[in-house]
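One-letter residues, chain by chain:
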Amino acid sequence: CSRKNTRNAALHPLWQSPLTIPGGTRQSPINIQWRDSVYDPFLKPLKISYDPTTCLHIWNNGYSFLVEFDDSADRSIIIGGPLENQYRLKQFHFHWGAVNDWGSEHTVDCKFYPAELHLVHWNAVEYPSFEEAVMEGNGLAVIGVFLKLGARHEGLQTLVDALPAVRHKDTVIEFDVFDPSCLLPSCPDYWTYAGSLTTPPLTESVTWIIKKKPIEVDEDQLEAFRTLLFTSHGEEERRMVDNFRPLQPLMDRTVRSSFR
Ligand SMILES: NS(=O)(=O)c1cccc(F)c1
Ligand SMILES: [Zn+2]
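Report follows, based on the coordinates.

The rules behind the values
Residues numbered from 1 in each chain as written. Chains lettered and ligands numbered in written order. Predicted model: local features only at pLDDT ≥ 70, side-chain atom pairs only at ≥ 80, totals over all residues. Heavy atoms only, no water. Salt bridge = Lys/Arg side-chain N within 4 Å of Asp/Glu carboxyl O. Helix = DSSP H or I, 4+ residues; strand = E, 2+ residues; numbered from the N terminus. Buried < 20%, exposed > 50% of the residue type's maximum accessible area, 1.4 Å probe, protein only. Polar contact = N/O pair within 3.5 Å; in protein donor to acceptor, adjacent residues only side chain to side chain. Contact = heavy atoms within 4.5 Å. Disulfide = S-S within 2.5 Å. Donors = N, O, S within 2.8 Å, 3.2 Å for Na, K, Ca; no water. Tetrahedral: all angles 85-135°; square planar, octahedral: opposite > 155°, others 65-115°.

**A closer look at the pattern of salt bridges**
Per the stated rule, a full pass over the model turns up 10 salt bridges. With a shortest N-O distance of 3.8 Å, Lys90 and Asp71 are connected by a salt bridge. One end of the pair, Lys90, is in strand 7 (residues 87-96); the other, Asp71, is in the loop between strand 5 (65-69) and strand 6 (77-80), with 19 residues separating them in the sequence. According to the relative accessible area criterion, Lys90 is buried, its value standing at 18%. Across the pair Arg152 and Glu154 runs a salt bridge, and its minimum N-O distance is 2.9 Å.

**Points about the side chain of Gln221**
Inspection of the secondary structure puts Gln221 in helix 3 (residues 219-225). Judged by its relative accessible area of 1%, Gln221 is buried. Side-chain polar atoms of Gln221 contact the backbone oxygen of His153, separated by 2.8 Å. For Gln221, the side chain forms a polar contact with the side chain of Gln157, separated by 2.8 Å.

**Description of the environment of Leu222**
Its place among the elements puts Leu222 in helix 3. Placed 126 residues apart in sequence, Leu222 and Trp96 show a C-alpha to C-alpha distance of 8.0 Å. Every residue in contact with Leu222, bar those within four places of it in the chain, is listed here: Asn100, Pro114, Ala115, Leu149 and Val217.

**Overview of the state of the cysteines**
One pass over the full model with this rule turns up one disulfide. Sulfur-sulfur distance for the disulfide between Cys1 and Cys110 comes to 2.4 Å. Taking the sign of the torsion about the S-S bond as the criterion, the disulfide between Cys1 and Cys110, at about -90°, is left-handed. Of the two residues, Cys1 is situated in the segment before strand 1 (31-32) and Cys110 in the loop between strand 8 (107-108) and strand 9 (115-122); the sequence distance between them amounts to 109 residues. Here Cys1 falls in the partly exposed class, since its relative accessible area comes to 41%. Overall, the relative accessible area of 18% leaves Cys110 in the buried class. This cysteine, Cys55, is not joined by any disulfide, and Cys182 carries the nearest cysteine sulfur, 11 Å off. What makes Cys55 buried here is its relative accessible area of 3%. With no disulfide of its own, Cys187 lies closest to Cys182 among cysteine sulfurs, the gap being 17 Å.

**Quick look at the coordination of the zinc ion (ligand 2)**
Distances from the zinc ion (ligand 2) to its protein donors, His93 (NE2), His95 (NE2) and His118 (ND1), fall at 2.0 Å. Coordination at the zinc ion (ligand 2) is tetrahedral: its four donor atoms span angles of 98 to 118° at the metal. Positions of the donor residues of the zinc ion (ligand 2), expressed as sequence spacing, correspond to H-x1-H-x22-H. A residue pair is termed long-range when its members are at least 10 positions apart, and His95 in strand 7 and His118 in strand 9 qualify at 23 residues. Residue His118 is classed as buried on the basis of its relative accessible area of 1%.

This is the structure in structure tokens:
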């Protein structure tokens, strides 16, 4: 993407130095060039079934705010799409900007969205734990959903209302019923490619499934994200904004689409 729309991610202390993995060949995020993506007729529809009672808590981990789920059984799972196995939901979180001009990690034809949702799942068929799956090439499956400025999102609002309670790093609150499927667009279309985690340990273990259609949220909801802090109680406050990684080289990868 041309420099003109490169945002100032470099200012963020977490990614002050260009964080690259020596020998990394499948790093994320990437720009998705729509015209270069290849329609794959063998891609199946993605099947998603989440049990809202598996929701546990929300916490601020100093990178984003995470909504974590009980992944001790196959109760909230995804299957199909590009996946060989069934994957269990572990957590979801967001990345966003200081302003609405940027914030997403992935881009589409160099367009940034103001925020991006990541629903993180792990391959519990082949691996005994999330921590082990994180180290394996087919260990994780992350669904990415772009957020665009528009109508207020009622499902998101229940999350937004809880954010003041996790303003500081390492704070947590119980959050016992939430259905993350309310955050998915109704359109089934997606792109998929082999990539990595976008925060440390940056391991190359993610099958990315990026939804073509964004969901709409309003300005107040995006502003609520920006009231969170990277810093703990007692530290000098640093607003949690621009918590995204810079775009990474595509290298020898093809992005497939589930749609013509
Ligand atoms: N941003 S992300 O690639 O979805 C991610 C980073 C770190 C851990 C994790 F489970 C997911
Ligand atoms: Zn993420």
